[in-house]
Amino acid sequence: MSEGNAEWTARGEQVFIGTYSRFPAAMVRGEGCWLTDADGNRYLDFLAGIAVCSLGHCHPAVTEAVCRQAGELMHVSNLFHTRPQVELAELLVANSFADRVFMANSGAEANEAALKLARIHSGEGRYEVISLSGSFHGRTLATVAATGQPRFHQGFEPLPQGFVHAGFGDPAEVERLVNDRTCAILCEPLQGESGVRPLEPAYLEAIRKICDRHGLLLIFDEVQTGMGRTGTLFAYEQLGVTPDIMTLAKALGNGLPIGAMLTTEKIAASLGVGTHASTFGGNPVAAAAAVAVMREMLAEGFLAGVRERSDYFVSRLQELAGRFPGLTTGVRGRGMLLGLVLTERGIGLGPEIVQRLFARGVLINFAGNRVLRFIPPLIVGREEIDLLIGRLGEVLAEMA
Ligand SMILES: *Cc1c(COP(=O)(O)O)cnc(C)c1O
């Protein structure tokens, strides 16, 4: 007999370093918005591998591209050009403000590249980056230092120098932190990990102006908000503010590890031969997946469909919030990056709500210890949204 959840969980716990608190399930199959575990249970997936599998699990176009590329050429390093990597960079450039791309393997690495570019471009003595409190930028030492949440710093000090944090949403505070060492302002257009907190367009416009006034680079970390997640290919498009550097990862490969750092021709010129590199960055198989993702997302009607179903999802969540005023105060977010904001009492129950949904075969998470976060595949249908709302309604009713 083949092994089930209990056996895989027990075996895993014997061999892994304990950095994760995992659900007691071993996932074995995925299709669209659904996962199946080793016991044969099915789950409606409103987590999508943490905003990664945006076209749904095992999307046929991505699977086909990966299989084809894996049979042709898997790796050659960046000492050579490869077809998928060139095609991907062309698609990114053609559909964004950027002229140039550096390929990485993850969000943290894309941000590392952005931080290094900001420093080298700004010249000697200008190395300080202002980021926001509540932000999340990755788990390498530099991106942890950029992350504006002390709980990620503890035990890892001394952190790399040159990172300061401004309070959330106050441009005057950002301006006060600017000095002659400052080289860049780094922010997520909508904070994902810390609880689905959107930055107002007026705020982003104000920090754009601060950058222009002081000759600083504006870096948007779109690792989570990019690739259609907020209803446009990149979040900056709907916010009326264009960054100088943008980072992507998560959904770029629909599950294959790939990240990218995008910028303008002029700024890119500061990173010359030998200044930065990655062995695997833009690997042909991962890049082939990302090319397939870009093509699907750019197809007629894809993003309009995401926005249309997001409106429906928001209205259903608002309805639900209205029924449970003791647990939740309302909905926030954009596109398919949505959060149900919990009351003081609801926050205490957050982990239990997530567990009870898991037991009912629905996957969501509790972001920033304050909101229930919904990040389903962008292809999620109305029936699946209705199913989630139904189950969530049952769980909230039990706890109200
Ligand atoms: C997930 C995330 C990262 C880190 O990406 P990794 O691929 O885990 O390194 C960075 N920034 C934001 C906004 C993220 O959501």
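Keep in mind that this is a model prediction, so the values were computed, not measured.

Engineer: Talk me through the pairing of strand 17 (residues 371-374); I want residue IDs and the actual numbers.
Structural biologist: Burial along strand 17 is two-sided: the residues Val371 and Arg373 and Leu372 and Phe374 are all buried. In this structure, strand 14 (residues 337-342) lies alongside strand 17, joined through four bridges in antiparallel fashion. Of the residues in strand 17, the one forming a bridge with Leu338 is Phe374. Where strand 16 (residues 365-367) and strand 17 come together, three bridges link them in antiparallel fashion. From the neighbouring strand, Phe366 faces strand 17, where its bridge partner is Leu372. Here strand 16 hands over to strand 17 after three residues, with Gly368 in that stretch at a positive phi of 60°.

Engineer: Requested: an account of the site of the ligand, with residues and values cited.
Structural biologist: Contacts to the ligand come from Ser106, Gly107, Ala108, Asn111, Phe136, His137, Gly138, Glu188, Asp221, Val223, Gln224 and Lys250. Contacts to the ligand include Phe136, whose backbone N or O atom sits 3.3 Å from a nitrogen atom. Contact between the ligand and Asp221: a nitrogen atom at 2.7 Å from a side-chain N or O atom of the residue. Summarising the interface, the protein chains cover 81% of the accessible area of the ligand, which totals 380 Å² for the free molecule. If you tally residues by element for the shell around the ligand, the top one is helix 5 (residues 107-122), at three residues. Taken together, the residues of the shell around the ligand sort by class into three nonpolar, six polar and three charged.

What counts, and where the lines are drawn
Residues numbered from 1 in each chain as written. Predicted model: local features only at pLDDT ≥ 70, side-chain atom pairs only at ≥ 80, totals over all residues. Heavy atoms only, no water. Buried < 20%, exposed > 50% of the residue type's maximum accessible area, 1.4 Å probe, protein only. Helix = DSSP H or I, 4+ residues; strand = E, 2+ residues; numbered from the N terminus. Pairing = 2+ DSSP bridges. Near = heavy atom within 4 Å. Polar contact = N/O pair within 3.5 Å; in protein donor to acceptor, adjacent residues only side chain to side chain. Areas by Shrake-Rupley, 256 points an atom, 1.4 Å probe, with all protein chains shown as cover. Nonpolar A, V, L, I, M, F, W, Y, C, P; charged D, E, K, R; others polar.

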